[in-house]
Amino acid sequence: MGERGGVYAGRGVELGFWEREVVTVMSVFSRSRSKCHTTGLSLNNDRLYKLTYSTEVLLDRGKGKLQDSVGYRISSNVDVALLWRNPDGDDDQLIQITMKDVNVENVNQQRGAKSIFKGKSPLKIMGKENLEALQRPMLLHLIHGKVKEFYSYQNEPVAIENIKRGLASLFQTQLSSGTTNEVDISGNCKVTYQAHQGKVIKIKALDSCKIARSGFTTPNQVLGVSSKATSVTTYKIEDSFVIAVLAEETHAFGLNFLQTITGKIVSKQKLELKTTDAGPRLMSGKQAATIIKAVDSKYTAIPIVGQVFQSHCKGCPSILEHWQSTRKYLQPDSLSKAEAVRNFLAFVQHLRTAKKEEILQILKMEIPQPLCGLVDAVTSAQTSDSLEAILDFLDFKSDSSIILQERFLYACGFASHPDEELLRALISKFKGSIGSSDIRETVMIIIGTLVRKLCQNEGCKLKAVVEAKKLILGGLEKAEKKEDTRMYLLALKNALLPEGIPSLLKYAEAGEGPISHLATTTLQRYDLPFITDEVKKTLNRIYHQNRKVHEKTVRTTAAAIILNNNPSYMEVKNILLSIGELPQEMNKYMLAIVQDILHFEMPASKIVRRVLKEMVAHNYDRFSRSGSSSAYTGYIERSPHSASTYSLDILYSGSGILRRSNLNIFQYIGKAGLHGSQVVIEAQGLEALIAATPDEGEENLDSYAGMSAILFDVQLRPVTFFNGYSDLMSKMLSASGDPISVVKGLILLIDHSQELQLQSGLKANIEVQGGLAIDISGAMEFSLWYRESKTRVKNRVTVVITTDITVDSSFVKAGLETSTETEAGLEFISTVQFSQYPFLVCMQMDKDEAPFRQFEKKYERLSTGRGYVSQKRKESVLAGCEFPLHQENSEMCKVVFAPQPDSTSSGWF
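Residues numbered from 1 in each chain as written. Predicted model: local features only at pLDDT ≥ 70, side-chain atom pairs only at ≥ 80, totals over all residues. Heavy atoms only, no water.

Brief notes about the environment of Arg541
Now for step 1: The topology assignment puts Arg541 in helix 18 (residues 533-544).
Now for step 2: Distance in space between the C-alpha atoms of Arg541 and Val594 is 19 Å, their sequence separation being 53 residues.
Now for step 3: In contact with Arg541, other than residues within four places in its own chain, are Glu509, Asn546 and Arg547. (Helix = DSSP H or I, 4+ residues; strand = E, 2+ residues; numbered from the N terminus. Contact = heavy atoms within 4.5 Å.)

Encoded structure:
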């Protein structure tokens, strides 16, 4: 036993010797680095890594030329040391990072004497507090190469902490290929690693980053802003540590419908290892928290994700002072000028930072007659404070401020990013007491607009949206008065609720003339997927009058919907066979519609051509009927990526009096479209003026003329020229010839705001605003003496689009501002001479000469006030023109406006 025990005892001594040797070797190996298990960067014990670091940012119009850019560079030396390694795992490390010898300079060295940094030390540029905070050491706890915690000191300026976060985030990497999610200064982002021999490329999908930042954009793609962001970081690795890091992040944007409006931000970071020296001894302990407390108890864990900071404007004017300098530009007589729109956009931006009390003070200062432009601006600000202020100011129970109430409502309708709060406010107003019936109708119409905009932005299930839907559909179902039916139909024309289609079909087929026409024009606005076979069955019955006689305005609209929504062979054939059997002017109108489909190569053109191969559908008798009604579509502008079109169709009664004129302008970007404007002038029951016989189904119509408009996809409240024979005669005798305004005001049309957290730690902002002053008016004139009538539609538009890109570090700021502006006019005139038959019709569509101006301002500015500014200006003139219509119209105009002998008689009735 003793011998056996001695043998075992000897082995025990022998094993103890080898264990001690292994522990010693592992300890030495650990002090160097465990190369077998490292998945991220790893530092050697007792070494101080000395690196140089720089981050720079450049702003330009996307051309990439250094001389055209503005920006700045922040550089420093960086010391990195390993303080602690978890004895239970080499991939658990605590490192200390210290920035030293900080400097701020121009990226563009050509500035020379104009440099804002010339002769200024970092202390003067940054300030003592910022510089001291930036040079305080930070701690980074890494596990498997990923950031576990980031430690800094409390109450450091947020902007400075962000710069430190930007540097610290560069140390987060992995040495193997793969895709994962990481949290760094940019937020929680999807990243892809591509590992090569001695090199790792890290691609960050910036559009995937989850980070709390303010911002909004215009949902409509035509008016929207497209952006693209990229981030690529390249690591050169040696012995599991970096010898060089190069990161480049870009953010580029462009306005979709005007591609000359662009901007780009390029942010770069560069980190290079220069040397290694003897460093601090490795601290022992099992928990990182213990080590951190031992290093400095003032360290606190803060998020590695970049935080929001606001730059305070020193000596900036108050909102009241802004209004006092803006007020003169928003006078009614000045609204058509570009400087009015420019000041409107600037004032909207200032209102977004104002409190309710400040805004209300300005509104009340303008009593008794506040400027309409002020109401436009306050509503367009789209903040809770601005909404509360304007609602407190306007008294909807009174009819003394109808113009201001209407301007407020239309500004709500054109809101670029409406929210549930705005919809709730309008629902509350509608349910309350409203002094004017016109305003009550407008409130409901705009509720419909907000429902559609919120649904387009995935807000269909919001409580206010659900309530508004019930209000529209329930109101339409229960409406007893013709006025209420019209109101809810107009709301549905904006809301475009699929649930409303059955009600629309009912009113289209069974309603009285004006209601039936409104229901069919509402159906006309729905997209192709909603115009089902069931819908087209009803429309076919209306067009072919299978159940009742319909007005020709209703029938032609029904036919247009069928032809524009994937018609079947038999549907097209039946419509073509009806041509020749219709009343004369309707016959001519339908023929013009078919010819327009063919010449403009509309989607239905292929099937129309197929049907026309049949002799029964295509014969001379059917297609040779005379008349003056017409339809024509053409291009205003066309490019590979976009198109702007106009369409003009006019339907006359058999007696030669205008029944309906319809002028449309559409803008397309790819497959996305925007109904820029529609102006419809309708007239009925005017045959008695010239002792003519009304057309079939229109014998009992009251005398009426009015105008309806759609502007930027928003149906506005129609206006009436006259209603009833006595009203017609009184207005003819007292007519001044002045047009009646349908809509007039300032509109915030493009509204894009984006706050970016650059991975360097700097904050960037992109603002794109587009505003316009618009005045759409129309008039109808009659001369019984000359047996002539004229219809005029005028569109006056002033457009200003501004961009503002800034990159801010709190102590230095670079910015690029641009402005593009034009003033344009479009006029449509229809002249009818009905002294003979067939009567003479001349249509003219003229675009005025338009100035086109572009401004650019680039700047670099210190928080102390010193700045560099560069400005450019470019002007040109866009030639006016008369848009071509069909050849038949050109020949007719030569007859209508043939040279006349001098005459002393003049005057309109």
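Details of unusual backbone geometry
Now for step 1: The phi dihedral of Gln545 is positive, around 55°, even though this residue is not glycine.
Now for step 2: The residue Gln545 is located in the loop between helix 18 and helix 19 (552-563) in this model.
Now for step 3: A positive phi angle, near 85°, is found at Ser810, a position not held by glycine.
Now for step 4: As for its placement among the helices and strands, Ser810 is situated in the loop between strand 23 (788-808) and strand 24 (812-833).
Now for step 5: The class for Ser810 is partly exposed, based on a relative accessible area of 28%. (Buried < 20%, exposed > 50% of the residue type's maximum accessible area, 1.4 Å probe, protein only.)

What to know about the packing of aromatic side chains
Now for step 1: Per the stated rule, a full pass over the model turns up 9 aromatic pairs.
Now for step 2: Among the aromatic residues, those joined into a cluster by ring pairs are Tyr632, Tyr646 and Phe883.
Now for step 3: Its guanidinium or amino end placed over the ring of Tyr859, Arg861 lies 4.3 Å from that ring's centre, counting from NZ or CZ. (Phe/Tyr/Trp six-rings, centres within 6.5 Å; stacked < 30°, edge-to-face > 60°. Lys NZ or Arg CZ within 6 Å of the ring centre and 35° of its normal.)

Some thoughts on the pattern of salt bridges
Now for step 1: For the coordinates displayed, the defined rule picks out 39 salt bridges.
Now for step 2: A salt bridge links Asp751 to Arg352; its shortest N-O distance comes to 2.5 Å. Remark: Arg352 occurs in the loop between helix 7 (338-351) and helix 8 (356-365) and Asp751 occurs in strand 21 (residues 740-757); sequence separation between them is 399 residues.
Now for step 3: On the basis of relative accessibility, which here comes to 0%, the residue Asp751 falls in the buried class.
Now for step 4: A residue is classified by how much of its surface remains accessible, and Arg352, at 18% relative accessible area, is buried.
Now for step 5: Here Asp848 and Arg796 are joined by a salt bridge, their closest N and O atoms 3.1 Å apart. Taken together, the residues span a long stretch of sequence, with Asp848 in the loop between strand 25 (840-847) and strand 26 (850-862) and Arg796 in strand 23 at a distance of 52 residues.
Now for step 6: What you see here is one network of salt bridges that share partners, running through Arg342, Glu821, Glu823 and Arg853. (Salt bridge = Lys/Arg side-chain N within 4 Å of Asp/Glu carboxyl O.)

A look at the nonpolar core
Now for step 1: Counting residues in each nonpolar core, the largest one holds 233 residues, and the members touching the most others are Phe408 and Ile447.
Now for step 2: Tallying contributions element by element places helix 13 (residues 437-456) first for this core, with 9 residues.
Now for step 3: Residues within four places of Phe408 in sequence aside, it is in contact with Val375, Thr379, Leu387, Ile390, Leu391, Leu394, Phe396 and Leu426.
Now for step 4: Counting 10 residues, the second largest nonpolar core, distinct from the first, contains Leu139, Tyr151, Ile292 and Tyr299. (Core = buried A, V, L, I, M, F, W, Y, C linked by side-chain atoms within 4.5 Å.)

Quick notes on the side chain of Asp60
Now for step 1: Secondary-structure assignment places Asp60 in strand 1 (residues 47-60).
Now for step 2: Within the buried core, Asp60 has no salt-bridge partner, and the shortest N-O distance to an opposite charge, that of Lys264, equals 6.2 Å.
Now for step 3: Side-chain polar atoms of Asp60 contact the side chain of Ser69, separated by 3.5 Å.
Now for step 4: Once residues within four sequence positions are removed from consideration, Asp60 is found in contact with Lys65, Asp68, Ser69, Gly263, Lys264 and Leu816. (Lys, Arg positive; Asp, Glu negative; His and termini not counted. Polar contact = N/O pair within 3.5 Å; in protein donor to acceptor, adjacent residues only side chain to side chain.)

Focus: helix 8
Now for step 1: Burial in helix 8 covers these residues: Lys356, Ile359, Leu360, Ile362 and Leu363. Projected down its long axis, helix 8 shows its buried positions confined to an angular sector of 160°, all on one face. Away from the buried face of helix 8 by more than 90 degrees, exposed residues Glu357 and Lys364 are located. (Arc of directions from axis to C-beta.)

Observations regarding the environment of Asp702
Now for step 1: The residue Asp702 is located in the loop between strand 17 (672-684) and strand 18 (704-711) in this model.
Now for step 2: In sequence terms Asp702 and Thr250 are 452 residues apart; their C-alpha atoms lie 64 Å from each other.
Now for step 3: Contacts of Asp702, omitting those with residues within four sequence positions, involve Gln684 and Gly685.

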